[in-house]
Amino acid sequence: MRPIAHARRLSSRAVSSRRAVDALVVGNPVPIGIPALFLADHLSRGRTVEQILSGKRGLIAEYAGAEGYAYRWGHLIEVRLGRFVLWRVVPVALWERLSDVRAGSPLLIEELLTLMQPRIRPALEPHLPSGVVARGCQGASRRSPHALFTLLLTDPRAAIAVRDWLATLFLIDVLPPLLNNIERGVADLVRRV
């Protein structure tokens, strides 16, 4: 008698992650809320509620109408610009892991991201497919200060291939080592400051 093969039951986290990958491939984003960690970061470093919530640079402005995909590492926020698409990479889990290391630092997450920007473009650009450019790899004047970087779809005809690349190669091969590099860099920087 042959043994019966049973399908392995996926954890709820694995099912959620699989759904986020599937949604990305077909372009079906869901609403994304402000991570509580970002609010706590501002408050614990002396920002007033008005500074946090007001103006074009506040968290409310950054997350107003945000839609995208939630993963264990953070958010991939999708912004549709007519025929073009922009994806903001927001590494929420990285900051959760670094919270103890950063406890005594006066630097905000967005200030640390600004200091890490020179590492991003050289690590990312060799992996970008045709029709995608890296943007948002600049200083604190960014419109989305909690985004590590932004990817812009410049060729709408490549949308299907780019979404497939995002859901496979980018999420599996490109992003994890980049996030590890940034995490090590932030930890080293905070220890020196």
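All values reported here derive from a predicted model rather than from experimental measurement.

### Description of the pattern of salt bridges
Next, step 1: As enumerated under the stated definition, the model contains seven salt bridges in all.
Next, step 2: One salt bridge in this structure joins Arg80 and Glu78, with 2.9 Å as the shortest N-O distance.
Next, step 3: Under the relative-accessibility criterion, Arg80 is labelled partly exposed at 48%.
Next, step 4: On the accessibility criterion, Glu78 (5% relative accessible area) is buried.

### Details of helix 6 (residues 109-124)
Next, step 1: Bending of helix 6 peaks at approximately 50° at the position of Met116, with proline Pro118 no more than four residues after it.
Next, step 2: Here helix 6 has its buried residues at Ile109, Glu110, Leu112, Leu113, Met116, Gln117, Ile120 and Leu124.
Next, step 3: The elements touched by buried residues of helix 6 are helix 2 (36-44), helix 5 (92-97), strand 5 (132-135), strand 6 (149-153) and helix 7 (159-192).

### Here's the deal with the packing of helix 6 against helix 7
Next, step 1: Here helix 6 crosses helix 7 at 145°, and the two axes come no closer than 10 Å. Crossing geometry of helix 6 relative to helix 7 is assigned as right-handed. Within the contact between the two elements, helix 6 uses Leu112, Leu115, Met116, Arg119, Ile120, Ala123 and Leu124 and helix 7 uses Phe170, Val174, Leu178, Asn181, Ile182, Gly185, Val186, Leu189 and Val190.
Next, step 2: Residue composition of the contact of helix 6 with helix 7, by class: 13 nonpolar, two polar and one charged.

### What about the sheet that holds strand 4 (residues 84-90)?
Next, step 1: Spatially, the six strands line up as an open sheet ordered 1-2-3-4-6-5, and their pairing is antiparallel. The open sheet has two edge strands with one neighbour each: strand 1 (30-31) and strand 5.
Next, step 2: Two elements, strand 1 and strand 2 (residues 67-71), share two bridges in a ladder whose sense is antiparallel. Within strand 2, the position partnered with Pro31 by the bridge is Glu67.

About the cut-offs
Counting starts from 1 at the beginning of each chain's written sequence and moves along it residue by residue. For a predicted model such as this one, the threshold for reporting local features is a pLDDT of at least 70, and the threshold for listing and counting side-chain atom pairs is 80 or more; totals across whole chains, interfaces and linings nevertheless cover every residue. As a rule here, side-chain values cover all heavy atoms of the structure and leave hydrogens and water aside. The term salt bridge refers to a side-chain nitrogen of Lys or Arg lying within 4 Å of a carboxyl oxygen of Asp or Glu. With a 1.4 Å probe rolled over the protein chains alone, any residue whose accessible area is under 20% of its type maximum counts as buried; one over 50% counts as exposed, and the rest are partly exposed. Working definition for bend: take the seven residues up to and ending at a residue and the seven starting at it, fit an axis to each, and measure the angle between the axes. The helix count covers DSSP runs of H or I at least four residues long, the strand count covers runs of E at least two residues long, and both are numbered beginning at the N terminus. Whether two residues are in contact is decided by their heavy atoms, any of which lying within 4.5 Å being enough. The axes used here are C-alpha line fits, helices contributing only the stretch in contact, and every angle between their N-to-C directions lies in the interval 0 to 180 degrees. Left-handed describes a crossing whose near helix is turned anticlockwise from the far helix through less than a right angle; right-handed describes the clockwise counterpart. Under the scheme applied here, ten amino acids are nonpolar (Ala, Val, Leu, Ile, Met, Phe, Trp, Tyr, Cys and Pro), four are charged (Asp, Glu, Lys and Arg), and all others, including Gly, are polar. Here a strand pair is declared whenever DSSP counts at least two bridges between the two strands.

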